[in-house]
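Residues per chain, in single letters:
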Amino acid sequence: MGFVRNPKDVISGLLFIALAALFAWQSRELQIGTAMRMGPGYFPLLLSAVLALLGLIVLANGLRTPGEAPTGTAWRALIILVGATVFFGFAMKPLGFLPAVGVSVFLSTLGSRLFRLQTALAITAVMCVFCWAVFILGLGLPLPLLGPWLGGH
């Protein structure tokens, strides 16, 4: 494969494209709607398209720009990121939207070798505000900010 100049980017781009195809395929039975009246499948399909586009950009970069081959798997980061995502799924209902987002984002920052508490707390605060603005204010999703375990509904 002499035309591959950066194997890391090529593998990453192909992975993004494969995940985008999987997510788009999973949303195929959901009603899409229109941009003004979004159905439940609109946002997942839109995110799939964005992920596929990013995958194509990364793939093209891997074919144009020289880089290094993959050296190994960052198991600690992989386990922490998967764990944080699973935690979010299980914690959303009992804790509510904002605590689930906050804890999940903070846990995700632990996956970095460059972890710093101040940076992790700043990222967590920014992501909580961003997610609240996008999903609660922008999209108007009826997500409880606090769950029953924290005195919410």
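What counts, and at which threshold
Residues numbered from 1 in each chain as written. Predicted model: local features only at pLDDT ≥ 70, side-chain atom pairs only at ≥ 80, totals over all residues. Heavy atoms only, no water. Phe/Tyr/Trp six-rings, centres within 6.5 Å; stacked < 30°, edge-to-face > 60°. Helix = DSSP H or I, 4+ residues; strand = E, 2+ residues; numbered from the N terminus. Buried < 20%, exposed > 50% of the residue type's maximum accessible area, 1.4 Å probe, protein only. pLDDT = per-residue confidence, 0-100. Patch = residues over 30% accessible without salt bridge, like charges linked within 9 Å, V, L, I, M, F, W, Y side chains within 5 Å. Areas by Shrake-Rupley, 256 points an atom, 1.4 Å probe, with all protein chains shown as cover. Salt bridge = Lys/Arg side-chain N within 4 Å of Asp/Glu carboxyl O. Core = buried A, V, L, I, M, F, W, Y, C linked by side-chain atoms within 4.5 Å. Contact = heavy atoms within 4.5 Å.

## Remarks on the packing of aromatic side chains
Argument step 1. A full pass over the atoms with the stated rule returns three aromatic pairs.
Argument step 2. For the pair Phe43 and Phe135, a centre-to-centre distance of 6.2 Å together with 90° between the ring planes defines the contact as edge-to-face. Of the two residues, Phe43 sits in helix α2 (residues 42-64) while Phe135 sits in helix α5 (residues 117-138), which places them 92 residues apart along the sequence.
Argument step 3. According to the relative accessible area criterion, Phe135 is partly exposed, its value standing at 22%.

## A word on the confidence of the model for the chain
Argument step 1. Of all residues in the chain, 99% attain a pLDDT of 70 or more, and the chain-wide mean is 92.
Argument step 2. The least confident element of the chain, judged by mean pLDDT, is α2 at 94; the most confident is helix α4 (residues 97-109) at 97.

## Some points on a nonpolar patch on the surface
Argument step 1. A contiguous nonpolar patch, built from Leu15, Phe16, Leu19, Leu22, Phe23, Trp25, Leu46, Val50, Leu53, Leu54 and Ile57 and spanning about 990 Å² of accessible area, is present on the exposed surface.
Argument step 2. Put simply, the parts of the chain that give the nonpolar patch at least two residues each are α1 (7-26) and α2.
Argument step 3. Among the elements that make up the nonpolar patch, the one with the highest residue count is α1 (six residues).
Argument step 4. Its location among the elements puts Phe23 in helix α1.
Argument step 5. What makes Phe23 partly exposed here is its relative accessible area of 42%.

## A word on the pattern of salt bridges
Argument step 1. Across all of its chains, the model carries two salt bridges by this definition.
Argument step 2. Between Glu68 and Lys8 there is a salt bridge, with its nearest N and O atoms 3.1 Å apart. Here the residue Glu68 occupies a position in the loop between α2 and α3 (75-95), and Lys8 occupies one in helix α1, the gap between them amounting to 60 residues.
Argument step 3. Overall, Lys8 belongs to the partly exposed group, its relative accessible area being 32%.

## A word on the nonpolar core
Argument step 1. Membership of the largest hydrophobic core is limited to 10 residues, which are Ala91, Met92, Leu95, Phe97, Ala100, Val101, Val105, Cys128, Cys131 and Ile136.
Argument step 2. Among the secondary structure elements, those contributing two or more residues to this core are α3, α4 and α5.
Argument step 3. The element contributing the most residues to this core is α4, with four residues.
Argument step 4. The contact partners of Cys131, leaving out residues within four places of it in the chain, are Phe97, Val101 and Ile136.

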